[in-house]
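Below are the chains, spelled out letter by letter.
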Amino acid sequence: MSIDRRHFLKVGGAAALFTLVPRKVLGGPGYVAPSDQLTKGIIGVGGIGRSSYHFTSDEACRLVAVCDVDSDHLQKAVEMGKQKFKTTLQTYHNYRDLIHDPNVDIVHIATPPHWHGIMAVEAAEAGKDIWCEKPMTRTIGEGKRVVEAVKRNGRIFRLNTWFRFTDTFYGLGTQVEYLKKLIESGMLGWPLTVRVSGANGFAWKFFWVGKENLQPETVPANLDYDMWLGPAQYKPYNSHRVHQTFRGYWDYDGGGLADMGQHYLDPVQYFLGKDNTSPVKVEVDAPQQHPDACGIWRSITYTYADGCKIILEGEGFESSGKVPYLEGPNGKVYRGFECEIGGKPVPEIMNLLMELPDPEPQNTDFLKCVRNRERFALDEVRGHHSATVVNMAVCALRLNRTLNFDPERQVFVNDDAANRLLEQPMRRPWKI
């Protein structure tokens with residue numbers, strides 16, 4: 001049986017002391033004892049992993065290790081560590097070495113999505129807590145494996161999209177809390193339609209598409225391309241496949257839809273009360289997609305069992321004028337929380353909402369969740385369900401047709417071709 005670093009320090013340290021010294025004597029207000037300080041390691045420091053939001057180190061959680069298959073990325077991370085934290089970070093080329101580092105409590109996965117499932121499962125099996133970038137996984141099957149591994153090993157998981165609990169919701173100009181209170185009030189009626197479009201301020205980043213007929217190029221000396229590919233099927237190296245433009249290829253991501261989709265759709269799952277289910281149908285209007293390179297799409301429509309719908313408007317809808325973001329039988333809500341509900345002005349609607357109970361509190365402090373072993377607001381289960389909404393559409397786009405889905409069994413209904421996309425084969429020897 002393995003014993004993690006914090007358990008050893010707390011149990012072993014307590015046994016060695018004859019007296020307990022008050023924390024305020026040791027370090028004053030805000031002092032964090034060494035045995036309470038969490039540590040983290042970041043896998044993937046080429047982009048988001050080196051951002052100011054994630055590349056942090058303080059008394060609550062200290063960054064101790066970084067990993068990347070690009071030696072240039074590693075070197076930049078080391079230099080940043082010296083400049084920002086006055087320390088030399090431990091570096092790893094192989095992510096498994098970081099995961100099994102006994103000095104690491106939290107594994108932050110900031111790689112391309114085709115690695116998320118494998119790394120999250122292996123981190124859970126190694127007894128580490130996990131902070132994972134979106135999308136949670138590249139396939140629905142990988143998401144199921146992550147949920148199982150986190151539960152089996154009693155780990156704490158956070159998916160890094162936050163709009164269900166903080167910040168103004170992208171271009172909508174509204175916090176999700178007010179949308180949820182409005183829906184729960186019943187003023188809009190039921191079922192509801194949510195429309196995510198350029199006209200509402202959202203941007204699907206359609207420039208994140210792939211290029212067809214890429215020509216092989218020489219792999220640069222700083223990049224271990226074979227390890228970068230990992231479980232993805234082998235394709236000859238081209239610079240457009242890796243780093244900032246990898247999103248345009250089905251093997252690694254799913255274009256702007258997969259990259260931005262969970263930001264937009266996770267809050268929708270939350271305020272519609274769908275955190276434990278998925279739509280039963282997805283319809284797509286799009287050109288035939290290339291088997292390798294992601295392309296654009298015009299619209300994607302999801303339908304839930306109770307009749308609620310989500311409509312994603314893509315190419316061609318950027319300037320479609322004023323359209324409701326949220327609509328029910330009794331009213332509409334536009335960008336900026338402009339409402340048309342029974343002739344009531346917005347201040348009156350807001351006053352009514354202020355009198356209603358707030359939504360159930362959410363655990364939004366990840367480090368506190370890790371210390372107290374409490375589930376985070378956007379954990380692996382909720383994250384898997386909102387990732388499933390995204391990945392359903394990816395499957396429908398690749399097949400260019402309507403798909404029916406069974407939320408309980410998490411499979412497509414009577415569709416072998418679609419179900420083959422649930423558990424896509426991995427290149428040997430990689431597996432979950």
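Residues numbered from 1 in each chain as written. Predicted model: local features only at pLDDT ≥ 70, side-chain atom pairs only at ≥ 80, totals over all residues. Heavy atoms only, no water.

A. Region of interest: the packing of helix α7 (residues 176–185) against helix α9 (residues 255–271). Two elements in contact, α7 and α9, have axes separated by 9 Å at closest approach and are oriented at 35 degrees. Pair α7 / α9 crosses with right-handed handedness. In this structure, α7 uses Val176, Leu179, Lys180 and Ile183 to contact α9, whose residues at the interface are Pro267, Tyr270 and Phe271. For the contact of α7 with α9, a count of residues per class yields six nonpolar, no polar and one charged. (Axes fitted to C-alpha atoms, helices over the stretch in contact; angles between N-to-C directions. Helix = DSSP H or I, 4+ residues; strand = E, 2+ residues; numbered from the N terminus. Left-handed = near helix turned anticlockwise from the far one by under 90°. Contact = heavy atoms within 4.5 Å. Nonpolar A, V, L, I, M, F, W, Y, C, P; charged D, E, K, R; others polar.)

B. The arrangement of the environment of Trp131 in detail. By the secondary structure assignment, Trp131 is in strand β5 (residues 129–133). Apart from the residues lying within four places of it in its own chain, the contact partners of Trp131 are Tyr53, His54, Ile106, Val107, His108, Ile109, Arg158, Asn160 and Phe366.

C. Summary view of the sheet that holds strand β4 (residues 106–109). Here we have six strands laid out as an open sheet, ordered β3-β2-β1-β4-β5-β6, and parallel in their pairing. For this open sheet the edge positions go to β3 (90–92) and β6 (157–160), each flanked by a neighbour on one side alone. Across the sheet, the mean angle separating the axes of adjacent strands is 25 degrees when strand polarity is ignored. Here helix α3 (residues 71–85) sits on the sheet in contact with β2 (61–67) and β3, set at roughly 160 degrees to β2. (Pairing = 2+ DSSP bridges.)

D. How the structure looks around the sheet that holds strand β10 (residues 309–313). Sheet architecture is open: nine strands sit in the order β13-β12-β11-β7-β10-β9-β8-β14-β15, paired in mixed fashion. The sheet terminates laterally at β13 (338–341) and β15 (411–412), the two strands that pair on one side only. In this structure, strand β14 (residues 403–406) lies alongside β15, joined through two bridges in antiparallel fashion. For Phe405, the partnering residue across the bridge sits in β15 and is Phe412.

E. Seen up close, the packing of aromatic side chains. The final tally for this structure, using the stated rule, is 27 aromatic pairs. Residues Phe163 and Tyr170 carry aromatic rings whose centres are separated by 4.6 Å and whose planes lie at 45 degrees to one another, so their mutual orientation is tilted. On the basis of relative accessibility, which here comes to 31%, the residue Tyr170 falls in the partly exposed class. Through a chain of ring-to-ring contacts, three or more aromatic side chains come together here, namely Tyr53, Trp162, Phe163, Phe169, Tyr170, Phe202, Trp204, Phe206, Tyr264, Phe271, Trp297 and Tyr325. Over the ring of Trp131 we find Arg158; its NZ or CZ atom is 4.2 Å from the centre of that ring. Of note, Lys180 hangs over the ring of Tyr270, and the distance from its end group to the ring centre comes to 4.5 Å. (Phe/Tyr/Trp six-rings, centres within 6.5 Å; stacked < 30°, edge-to-face > 60°. Buried < 20%, exposed > 50% of the residue type's maximum accessible area, 1.4 Å probe, protein only. Lys NZ or Arg CZ within 6 Å of the ring centre and 35° of its normal.)

F. Molecular detail of the pairing of strand β1 (residues 38–43). Of all six residues making up β1, six are buried, and the element is well covered by its neighbours. Where burial is concerned, the two faces of β1 agree: the one with Leu38, Lys40 and Ile42 and the one with Thr39, Gly41 and Ile43 are both buried. With six bridges joining them, β1 and β2 adopt parallel strand pairing. Pairing of Lys40 across the sheet is with Leu63, part of β2. Bridge count for β1 against β4 is four bridges, and the pairing is parallel. Each residue of the ladder has a partner; that of Gly41, found in β4, is Val107.

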